[in-house]
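# Summary of structural features
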Amino acid sequence: MKKVTKMAALMLAMAMMTTALTACGGDEKGSSTATDTTVTNSQTQDSTPADAEPTESATQEAAPEADNTLTFGTNAEFPPFEFVTGNGVIDQYDGIDIAIAKQIAEKNNMTPAIENMEFASLLVALQNGQIDAAIAGMTVTDERKEEADFSIPYYTATQVMIVREDSDITSAADLADKKICVIEGYTGEICVKDMGYPYEAFKKGTDAIMELVNGKCDVVVLDSATSQKYISDNEGLKIVEDPSAFESEEYAIAVKKGNTELLDKINTAIDAMLTDGTIAELGAQYTEGLSAE
Ligand code: ARG
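For clarity, every value in this text was computed on a predicted model and none was experimentally measured. (Residues numbered from 1 in each chain as written. Predicted model: local features only at pLDDT ≥ 70, side-chain atom pairs only at ≥ 80, totals over all residues. Heavy atoms only, no water.)

### Quick notes on the environment of Gly88
By the secondary structure assignment, Gly88 is in the loop between β3 (82-84) and β4 (93-94). The buried category is assigned to Gly88, whose relative accessible area is 16%. As a C-alpha pair, Gly88 and Ala99 span eleven residues in sequence and 9.1 Å in three-dimensional space. Not counting chain neighbours up to four residues away, the residues in contact with Gly88 comprise Tyr93 and Asp94. (Helix = DSSP H or I, 4+ residues; strand = E, 2+ residues; numbered from the N terminus. Buried < 20%, exposed > 50% of the residue type's maximum accessible area, 1.4 Å probe, protein only. Contact = heavy atoms within 4.5 Å.)

### Quick notes on the pairing of strand β9 (residues 159-164)
Burial of β9 is extensive: five of the six residues sit out of reach of the surface. In terms of strand pairing, β9 meets strand β13 (residues 237-240) through four bridges, oriented antiparallel. Note on β13: the bridge partner recorded for Ile162 is Ile239. (Pairing = 2+ DSSP bridges.)

### Here we look at the pattern of salt bridges
Scanning the entire structure with this criterion turns up ten salt bridges. Notably, a salt bridge pairs Lys204 with Glu77, separated by 3.8 Å at the nearest N-O pair. Of the two residues, Lys204 sits in the loop between β11 (200-202) and α7 (205-213) while Glu77 sits in strand β2 (residues 77-78), which places them 127 residues apart along the sequence. With a relative accessible area of 28%, Glu77 lands in the partly exposed category. Close ionic contact of Asp218 with Arg164 constitutes a salt bridge, the shortest N to O distance being 3.6 Å. (Salt bridge = Lys/Arg side-chain N within 4 Å of Asp/Glu carboxyl O.)

### Topic: the sheet that holds strand β12 (residues 219-223)
As summarised here, the arrangement of the five strands in space is β11-β10-β12-β9-β13, forming an open sheet in which the pairing is mixed. Edge strands, defined here as strands with exactly one partner in the open sheet, are β11 and β13. Here the average twist between neighbouring strands, direction ignored, is 35°. The pairing of strand β10 (residues 180-183) with β11 spans three bridges and is parallel. Within the sheet, the bridge partner assigned to Val182 lies in β11 and is Ala201. Sheet strands touched by helix α6 (residues 187-195): β9, β10, β11 and β12. Its angle to β10, the strand with the most contacts, is close to 140°. Helix-sheet contacts for helix α8 (residues 224-233) involve β9, β12 and β13, and the interaxial angle to β12 is about 130°. (Axes fitted to C-alpha atoms, helices over the stretch in contact; angles between N-to-C directions.)

### Thoughts on empty space enclosed by the protein
Tallied over the full model, the rule gives three cavities of 30 Å³ or more. As a volume, the largest cavity reaches approximately 90 Å³. Lining the largest cavity are Asn75, Phe78, Glu82, Phe119, Ala136, Gly137, Met138, Thr139, Arg144, Tyr186, Thr187 and Asp223. Taken together, the residues of the lining of the largest cavity break down into five nonpolar, four polar and three charged. (1 Å grid on protein atoms, 1.4 Å probe; cavity = no way out; pocket = protein on both sides within 12 Å on 5 of 7 lines; lining within 4 Å. Points joined across faces, edges and corners; volume = space filled by probe spheres on them. Nonpolar A, V, L, I, M, F, W, Y, C, P; charged D, E, K, R; others polar.)

### Brief notes about the packing of helix α3 (residues 96-107) against helix α10 (residues 278-287)
Interaxial distance between α3 and α10 falls to 9 Å at its minimum, and their mutual angle equals 145°. The two elements α3 and α10 meet at a crossing, and its hand is right-handed. Contacts from Ile96, Ala99, Ile100 and Gln103 in α3 reach Thr278, Ile279, Leu282, Gly283 and Tyr286 in α10. Considered class by class, the residues forming the contact of α3 with α10 number six nonpolar, three polar and no charged. (Left-handed = near helix turned anticlockwise from the far one by under 90°.)

### Points about the confidence of the model for the protein
For the protein, the average pLDDT comes to 85, and 76% of its residues sit at 70 or higher. Across residues 1-10 the pLDDT falls below 50, and counting only partners more than four positions away or on other chains, this stretch makes ten contacts in the model. (pLDDT = per-residue confidence, 0-100.)

### Structural notes on the environment of Ala136
Mapped onto the elements of the fold, Ala136 is located in the loop between β6 (133-134) and α5 (142-147). Given the relative accessible area of 3%, Ala136 is considered buried. Spatially, the C-alpha atoms of Ala136 and Phe119 are 7.7 Å apart, while their sequence positions differ by 17 residues. Ala136 has contacts with Thr74, Asn75, Phe78, Glu82, Asp97, Phe119, Leu122 and Tyr154, leaving out every residue within four places of it along the chain.

This is the structure in structure tokens:
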């Protein structure tokens, strides 16, 4: 039996869970996801969904909406969710998030566009109207909720520890005297900071992984699916999990605070894609062939 299949089933099950947990706090929010209140969307394949409301789009929205383009900001340094490739699903961008973004736009009769930027710039770009939405494997946290509104979650992840194969790290407690690497501004950094350990923060996941491969650090704390990708791309690395230290995180799409019109459209689309299995399929498709360890 293929790990991928198991993983896809697990991902779907997790995506359907109704509790939203924050990164490391273990602070339950009990937000109910829309998978409970199943929206019976039409099965029509390429026609406009019944709720597209084409006449309503020319309101006081920012410029990108007015020209019928739905501009998503991302940071394409986070495979399998977003990465740059020769022939992506939107321009040179590909990944689970990019495929989701494309479908959200298409379900609303809009043209999808991607703006690639630093992860830390995404919420500011929303605020100043440079982008309409941010899709970036972004974990919902209380802090971020102060700056943006989030869609229903579409993916559940957790932080894991990437170590060299000969590492003696078996749990988060073993991080105490290790050289820890994280990626700047990611929830992994927040987790390690909360644990009170010193660490070094890198701009990109690949930079932190190189540091680990070259023996300059002992462990990289990073999101689960992206970690799988990195260990399958680099010899001699493995993943160590510690669910008691790293709790579930939920990825969601961010919009500018108060932009309920767009948020509703996004939620309807995500709900339909969770219900009909599209998101689980995309997850399986983009993680196919990734080894578990
Ligand atoms: N899930 C983590 C967070 O929200 C990492 C996301 C990184 N995403 C990216 N596209 N670079 O902080």
